[in-house]
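Chain and residue survey
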Amino acid sequence: MWRSLLLKGTTCLVQVAAPEFIPQRHFTSPMLRLVTQRLLYRPAEAPCGLGFLGAGYILVRSGARAYKRDEKSTVEFPRSPITVTEIKQYLRSKKISFHDGYSCLHTQSIFLKVTSKKDRFSLFIDKTTGQFLCKDTMVEGSWEDLQDCLEVKQKEGQDFLSPHVLPGYPERMEEQEEMERELREVQRIWSSSVSLADVPEHEAQLIKTMFQITKVSNATLKKFGVRLFKPTKSLVFPWFGGPDSSLKGVKLLSAQCTDTEKVIYNEATVPKYNSYYNLFGLPLVGHMDSEVVLTGHELDTLAVSQATGLPSIALPRGVSCLPPILLPYLEQFKRVTLWLGSDVRSWEASKLFSRKLGLRRCSLVRPGEYQLCPVKALSQGKNLSHIIKASIPAAHESIVSFKQLREDVYSELMNTEQVAGVKWVRFPQLNKILKGHRKGELTVFTGPTGSGKTTFISEVALDLCMQGVNTLWGSFEINNVRLSKIMLTQFAMQRLEDNLEQYDIWADKFEELPLYFMTFHGQQNIKTVMDTMQHAVYLYDINHVIIDNLQFMMGQENLSVDKFAVQDHIIGGLRKFATNTSCHVTLIIHPRKEEDDRELRTASIFGSAKASQEADNVLILQEKKLVTCPGRRSLQVTKNRFDGDVGIFPMDFTKSSLTFSATIKGKPKLKKITKPQNNELKELEKNKVAEKKEQVEKEKQ
């Protein structure tokens, strides 16, 4: 079975998110190409067409619509999930020797001649997915592909197979032209860039000050091949890869000063961001090196390398995602120190990535007041070697004491805002109650039929996704095309049917969001859904999963089992998934039948009490039915395990943009619902007793 073109599992809309170091904006390669071409080759009298707006750029587009369907934008999900035990059993049955690595199995490549193999175990098989990669020939594929290759090799009695035996995706002419244009763009940017050593000293010092790398020497910049792209005053980080170490791409980092004198950094990559897999610093790592420091940004890698002399590598997508395809390149290291940044998000990413890399070899640099990100620590004269030596092991025992938790508790007390989670931009009232969106929690959301549950939760998820929260949608009630249309309308904040000429502009921006969809529709088996969620978390480091809705996962279960027991089983599985993967799960559940004039309560959630008991947050979309106009909607938080605050606030629905976040006239105050204290209860009881006595005395008179 050759590589499938129609793949089950999840559909990837885009695979990009911002690294921790900077709140930057990423540009797709076509946009970057237009920018650099206009900067380099525009006539003197021609306007550039590039302006500044806040932290980003405005690029005026014209001409015919040029939309290209991306046939590769799917997540490859195995038809039958494979286990590492099954992989080992199969390899032993074929008499293939292998080494058991940290995240991969190592074996000799079947794509090399026997005389050239020696003892090189250059073929790596991912223990979780079965995906393989040959580092010598750059051949990669699924576990099914590798099985087919081994069967062909054994059947035909060959010593090795040609690297071209696996057919790739059929590339259309326009795709080939796009790749060629990107390669030419890479060469043009690289050839137009200069070494900072060749720049006048005062100008080089200004550039270093702009990027906060005054302590980084020109020798270090030259060692890593960092250059300056003068037209945009951008640093250029090269991507050298492949057996021949050829130039495969570049990343440009530019700085911009806002009106508030705050410096904002922007990144752009060629090729486009979801095809950029540069482990910056890897070419400088020797074959005998057994220790490495992983950072979240290229500038941090420069600082670590210069201050400690240790091998240092920057992850291409920072704290957003660690693509499994990069794991084989990190297998040689016996000790991996993750120093991804200085905030809580970096700390959470470090713990998540260490699971992929192998807990027993990973150490984590805990963010703190005196342990900044590497480039800032270097600029402040900190001892980076001591910080790395003080890193804590990622592996932990099942039982811990407060001594081991002490630093974690202090970190939460010191970083209360970051611990509270990602704040909503469109729903400030929700921030006042829930404080933020946190990883590892389970949120149950309900509301009357037809009240707009899916529309509302899609905007809530979109708000977070626009801030870099990797999101996976499981919509079993409406198909992905309609859901994408709703989210795109909410993203553009306008009715695109009336502005079709703007569709491509908004669609291009929407594609840059870290948003993924499951391809399921209708009733689904819970095991299949959970396997897909687990697969997506491993591949794309998903932080938020939305399930719409619970009832569609109950139809495929055994009909002889009580439906409430089935629901409890599903909710228990989702609770365990959220905790184990540190992923927030939002579960939509239909309410039980209630009177139209009655508001929904926590007890109105369909099924047993397990849903509200297991949930960290319970949200109810209330709708007051009106005869003369659409119903008035409000959002009520009836459970908040983080700090106990609950409350309700009204919302207006704007039909043209399908948003609930429009400003409400009169600015109604947030109504908080608080439980009465013991003293208050006693006073209420006394008042009631006093009233009853007065009534009795009046009756006697």
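Please read these numbers as outputs of a predicted model, since none were measured by experiment.

Spatially, the five strands line up as an open sheet ordered 5-6-7-8-9, and their pairing is antiparallel. The open sheet is flanked by strand 5 (98-100) and strand 9 (140-141), the only strands paired with a single partner. Of the strand pairs in this sheet, strand 7 (residues 123-126) and strand 8 (residues 132-134) are connected by three bridges, and their pairing is antiparallel. By the bridge assignment for strand 8, Phe 124 is matched with Leu 133.

This paragraph deals with the packing of helix 18 (residues 526-540) against helix 19 (residues 563-581). Packing of helix 18 against helix 19 brings their axes to within 11 Å, and their N-to-C directions diverge by 10 degrees. Our classification of the angle between helix 18 and helix 19 gives roughly parallel. Listed contacts from helix 19 to Ile 526, Met 530, Met 533, Gln 534 and Val 537 of helix 18 are His 569, Ile 570, Gly 573, Leu 574, Phe 577 and Thr 581.

Moving on, we get to the sheet that holds strand 19 (residues 392-393). Read from one edge of the open sheet, five strands run 16-15-17-18-19, paired in mixed fashion. The open sheet has two edge strands with one neighbour each: strand 16 (312-314) and strand 19. By the bridge criterion, three bridges tie strand 15 (residues 291-295) to strand 16 in an arrangement that is parallel. Bridge assignment links Thr 295 to a residue of strand 16, and that residue is Ala 314. Its contacts with the sheet put helix 8 (residues 298-308) on strand 15, strand 16 and strand 17 (335-339), and the angle it makes with strand 16 is roughly 175 degrees.

Bringing the pattern of salt bridges into the picture now. Across all of its chains, the model carries 23 salt bridges by this definition. Note that Lys 251 is salt-bridged to Glu 298, the shortest N-O span being 3.0 Å. Separated by 47 residues along the polypeptide, Lys 251 in strand 13 (residues 246-257) and Glu 298 in helix 8 bring together distant segments of the chain. Side by side, Lys 251 and Glu 298 carry an identical accessibility label, which is buried. Between Glu 623 and Arg 633 there is a salt bridge, with the nearest N and O atoms lying 3.9 Å from each other. One end of the pair, Glu 623, is in strand 25 (residues 617-624); the other, Arg 633, is in strand 26 (residues 632-640), with 10 residues separating them in the sequence. Of the two residues examined, Glu 623 and Arg 633, each falls in the buried class. Members of the salt-bridge network, linked through shared partners, are Lys 88, Asp 100 and Lys 127.

This part is about the nonpolar core. Generally speaking, nonpolar side chains in soluble globular proteins are found buried as a group. Core analysis: the largest hydrophobic core is formed by 65 residues, its most contacted members being Leu 357, Met 533, Ile 542, Val 545, Ile 547 and Met 553. Top contributing element to this core by residue count: helix 18, with nine residues. Grouped together as the second largest cluster of nonpolar side chains are 37 residues, Leu 464, Ala 492, Val 637 and Phe 649 included.

Quick look at unusual backbone geometry now. Cis geometry is found at the peptide bond from Val 270 to Pro 271, where omega equals 5 degrees. Take Pro 271: it is sitting in the loop between strand 14 (263-270) and strand 15. Between Asp 548 and the following residue, Asn 549, the backbone shows a cis peptide bond with an omega angle of 5 degrees. The phi dihedral of Gln 212 is positive, around 60 degrees, even though this residue is not glycine. By secondary structure assignment, the location of Gln 212 is in the loop between helix 6 (201-210) and helix 7 (218-223).

What follows concerns the packing of aromatic side chains. The description of two aromatic rings rests on the distance between their centres and on the angle between their planes. By the definition in use, this model includes 16 aromatic pairs. Taking 5.4 Å as the distance between ring centres and 80 degrees as the angle between the ring planes, the aromatic pair formed by Tyr 90 and Trp 143 counts as edge-to-face. In this pair, Tyr 90 is assigned in helix 2 (residues 84-93) and Trp 143 in helix 4 (residues 143-156), connecting sequence segments 53 residues apart. Residues Tyr 90 and Trp 143 agree in their burial class; the two are buried. Judged by centre distance (5.4 Å) and plane angle (70 degrees), the rings of Trp 239 and Tyr 276 are edge-to-face. You can see Trp 239 sitting in strand 12 (residues 234-241) and its partner Tyr 276 sitting in the loop between strand 14 and strand 15, a full 37 residues away along the chain. By relative accessible area, Trp 239 is classed as buried at 10%. Tyr 276 gets classed as buried once you look at its relative accessible area, which sits at 1%. Within the aromatic cluster, the residues linked to one another by ring pairs are Phe 427, Phe 445, Phe 456, Phe 653 and Phe 660. Taking the ring centre of Trp 506 as reference, the NZ or CZ of Lys 509 above it sits at 4.8 Å.

Checked against the element boundaries, Asp 616 lands in the loop between helix 20 (610-614) and strand 25. Owing to a relative accessible area of 8%, Asp 616 belongs among the buried residues under this scheme. Side-chain polar atoms of Asp 616 contact the side chain of Arg 575, separated by 2.5 Å. Every residue in contact with Asp 616, bar those within four places of it in the chain, is listed here: Gly 440, Glu 441, Leu 442, Arg 575, Lys 639, Asn 640 and Arg 641.

Attention now moves to helix 18. In a regular helix each residue adds 1.5 Å, so 15 residues correspond to 21 Å; helix 18 covers 21 Å between its end C-alpha atoms and thus fits that length. Within helix 18, 11 of the 15 residues are buried, leaving the element largely enclosed by the surrounding structure. Taken together, the buried positions of helix 18 are occupied by Ile 526, Val 529, Met 530, Thr 532, Met 533, His 535, Ala 536, Val 537, Tyr 538, Leu 539 and Tyr 540. With a side-chain oxygen lying 2.8 Å from the backbone nitrogen of Lys 527, the N-terminal cap of helix 18 falls on Asn 525. Backbone geometry just downstream of helix 18 places Asp 541 in the positive-phi region, at approximately 50 degrees.

Taking burial as the measure, the eight residues of strand 12 include seven buried ones, the bulk of the element. Here strand 11 (residues 227-229) pairs with strand 12 via three bridges, running antiparallel. By the bridge assignment, Leu 228 is partnered in strand 12 with Leu 235. Sheet topology note: the strand 12/strand 13 ladder contains seven bridges and is antiparallel. If you follow Gly 241 over to strand 13, its bridge partner there is Ser 246. The hairpin turn running from strand 12 into strand 13, its antiparallel successor, is four residues long, and Gly 242 in that turn takes a positive phi close to 85 degrees.

The rules we used
- Residues numbered from 1 in each chain as written.
- Predicted model: local features only at pLDDT ≥ 70, side-chain atom pairs only at ≥ 80, totals over all residues.
- Heavy atoms only, no water.
- Pairing = 2+ DSSP bridges.
- Helix = DSSP H or I, 4+ residues; strand = E, 2+ residues; numbered from the N terminus.
- Axes fitted to C-alpha atoms, helices over the stretch in contact; angles between N-to-C directions.
- Parallel < 35°, antiparallel > 145°, perpendicular 65-115°, else oblique.
- Contact = heavy atoms within 4.5 Å.
- Salt bridge = Lys/Arg side-chain N within 4 Å of Asp/Glu carboxyl O.
- Buried < 20%, exposed > 50% of the residue type's maximum accessible area, 1.4 Å probe, protein only.
- Core = buried A, V, L, I, M, F, W, Y, C linked by side-chain atoms within 4.5 Å.
- Phe/Tyr/Trp six-rings, centres within 6.5 Å; stacked < 30°, edge-to-face > 60°.
- Lys NZ or Arg CZ within 6 Å of the ring centre and 35° of its normal.
- Polar contact = N/O pair within 3.5 Å; in protein donor to acceptor, adjacent residues only side chain to side chain.
- Expected span 1.5 Å × (residues − 1).

Interpretation in functional terms is not warranted from these geometric data alone.
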